[in-house]
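Here is what each chain is made of, one letter per residue.
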Amino acid sequence: MTAVLRVQEPGLFTTIQDLGRPQAVASGVPPGGAMDRFAHTAANFLVGNDRGAASLECTLVGPHLVVESPCLIAITGGDFVPRVNGLPVQMWTSIRLARGDRLSFGGRRSGARAYIAVAGGIVGDRWLASMSTNIMAARGGMHGRPLTDGDVISSGEPPPPAAAGRALAPELLPPYAEHTLRVIAGPHVGRLSPDARQAFYESAFVVSPDSNRMGYRLAGPHLETSGDDMLSFGLVAGAVQVPVGGHPILLMADHQTAGGYPVVAALISASMPIAAQLAPGDEVRFAETSIDAALEMRQAQRAWLESLRI
Amino acid sequence: MPPRRSTVRVHIHPLGDTALIAELGTRLDSALNTRAIALAAALKKRRDVHQAVVGAVSVTVSFDPDLISHDALGAAIRRLATKRPPIEEPGRLHRIPVVYDGPDLDQVASSLGVTPRQVIELHGRPIYRAFLIGFVPGWAYLGPVPDELVLPRRPVPRTLVPAGSVAIAGRQTGIYPLATPGGWHLIGRTSVRLFLPDSDPPSLFRAGDRVKFFAIQE
């Protein structure tokens, strides 16, 4: 284990994330993990890591980091205008950094979450088989909390074939700017009134300020649902719940593991990276698709990622 | 007696392209919950299944669509769900001390047309079943509560319910493991810790466990 990065400014909410702890859901613990798995995986592959290595997930405002020992990194996801020693650097590309280099971010051009991977993988506290930070339980990652000034981030042993200058072609990125989320109709779509169902697919919704890694509250038309209280059932990230108030909630990585509100739709896996890059105030629409079309898009994304694997 | 084969009708719905929910029924029913627990356990052994989470009378399954299609997994679930479940081992019994002084106790009593003392007596009478673990770490949906205690959820949820609160809603009861928002009626509190972050699994209760409440004075 090597100290690679020192936190000079932590950014708004920067956490250590890997692919989460899906098996802990049976105990009511959110699965957690990187919100944008495409960007997280791409960053890891670019530096020669396995997809399950931990990365830094930076939210809306990136951190300022000082390099403690030479390392290979990649920055992916939302464009927060990354800079090394004040000069712009390419995203979606592996970059070699020298001791004393300063990695900072100039502002937010697009997206909501940037990922920083380091060759060898970032090392954090492991809790229930994952290094992902769980704030509620104060476990995992950097002692269960977001980064703070003075934290020192360590990496594991770098994998041998890592090289600088490897990149993912821009045309292979998910259509991040296209704020249409593709969904499959959910188990309880029949509880929406015909008007509400039409409104769900034809209206724009705005991501509310009180949206976070648990889920996004979506402001828009009131969606009328009917039917008796339901018995609780297990939930998944991407499920769109409509609680009593009629305003949908899109469940994200730290979602509650069970609930009883109608699930009227669920995002396809290829749309999850796009959802992960939505910021409060962004407008979003839902479009229904088929499972076959969803699997094709999923395969395409996976093929792009595989092209980065060493 | 477990229900006969023909009585279990499984409804399978997709949850996106990598998950589905298998609903075994719509009513709170111990026999169906037993089947859901057995189904989830069988599904977790499959290589193509990432996770199977027990609901009250359902199982939510995350799977690898590269290894199996929705339809093929659905067919496998139907076969598994109609099998007679193994004779159930009684779940572990937890005895939970409660100080019945919740802020909603009087309101609950008057809504139900009984006295607070009767609410306490009714709530402590059954041995409840933990139907599922979820919502927040360590929370268990317990039930069914006696018919005399059935009340809909509060119309407006509280933004913060203290950890340890003992609550009822519908035919269910539960204990808030952490301070969270909540829409259930708070009738008491306990000092028993339900979320055990440094244990694995980190939840005191598991689906299928049994829980008995008893009143204590502070």
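Structure: see above.
These numbers were taken from a predicted model, which means no experiment stands behind them.

This part is about the packing of helix α3 (residues 105–112) of chain B against helix α4 (residues 116–124) of chain B. Residue and element names in this part refer to chain B. Between α3 and α4, the shortest axis-to-axis distance is 8 Å and the interhelical angle comes to 90 degrees. With respect to α4, the element α3 is oriented roughly perpendicular. Two secondary-structure elements touch here, α3 through Leu 105, Asp 106, Val 108 and Ala 109 and α4 through Pro 116, Val 119 and Ile 120.

Before going further, it helps to examine the pattern of salt bridges. Taken as a whole and judged by the stated rule, the model has 20 salt bridges over all chains. Among the salt bridges present, the one from Glu121(B) reaches Arg125(B), with a minimum N-O distance of 2.9 Å. On the basis of relative accessibility, which here comes to 40%, the residue Glu121(B) falls in the partly exposed class. If you follow the salt bridges from partner to partner, you end up with Glu57(A), Arg113(A), Arg213(A) and Asp254(A) in one network.

In this structure, Pro144(B) follows Gly143(B) across a cis peptide bond, with omega equal to -10 degrees. By the element assignment, Pro144(B) lies in the loop between β7 (140–143) and β8 (158–161). For the bond from Asp200(B) to Pro201(B), the omega torsion is 5 degrees, close enough to zero to count as cis. Here the phi dihedral of Val81(A) falls at roughly 60 degrees; this positive angle occurs in a residue that is not glycine. At Asn85(A), a position not held by glycine, the phi torsion is positive, near 50 degrees.

Another point: the pairing of strand β2 (residues 19–23) of chain B. Residues and elements named next belong to chain B. For β2, the tally of buried residues reaches 5 of 5 residues, placing the bulk of the element in the interior. Going residue by residue along β2, you find Ala 19, Ile 21 and Glu 23 tucked away on one face and Leu 20 and Ala 22 tucked away on the opposite face as well. In this sheet, β2 lies alongside strand β1 (residues 11–14) in antiparallel orientation, the contact comprising 4 bridges. Counted as the bridge partner of Pro 14 is Leu 20 from β2. Between the antiparallel neighbours β1 and β2 lie 4 residues, among them Gly 16 with a positive phi of about 70 degrees. The pairing of β2 with strand β4 (residues 58–63) spans 5 bridges and is classified as antiparallel. In the strand pairing of β4, Glu 23 is matched with Ser 58.

Calculation criteria
Residues numbered from 1 in each chain as written. Chains lettered and ligands numbered in written order. Predicted model: local features only at pLDDT ≥ 70, side-chain atom pairs only at ≥ 80, totals over all residues. Heavy atoms only, no water. Axes fitted to C-alpha atoms, helices over the stretch in contact; angles between N-to-C directions. Helix = DSSP H or I, 4+ residues; strand = E, 2+ residues; numbered from the N terminus. Parallel < 35°, antiparallel > 145°, perpendicular 65-115°, else oblique. Contact = heavy atoms within 4.5 Å. Salt bridge = Lys/Arg side-chain N within 4 Å of Asp/Glu carboxyl O. Buried < 20%, exposed > 50% of the residue type's maximum accessible area, 1.4 Å probe, protein only. Pairing = 2+ DSSP bridges.

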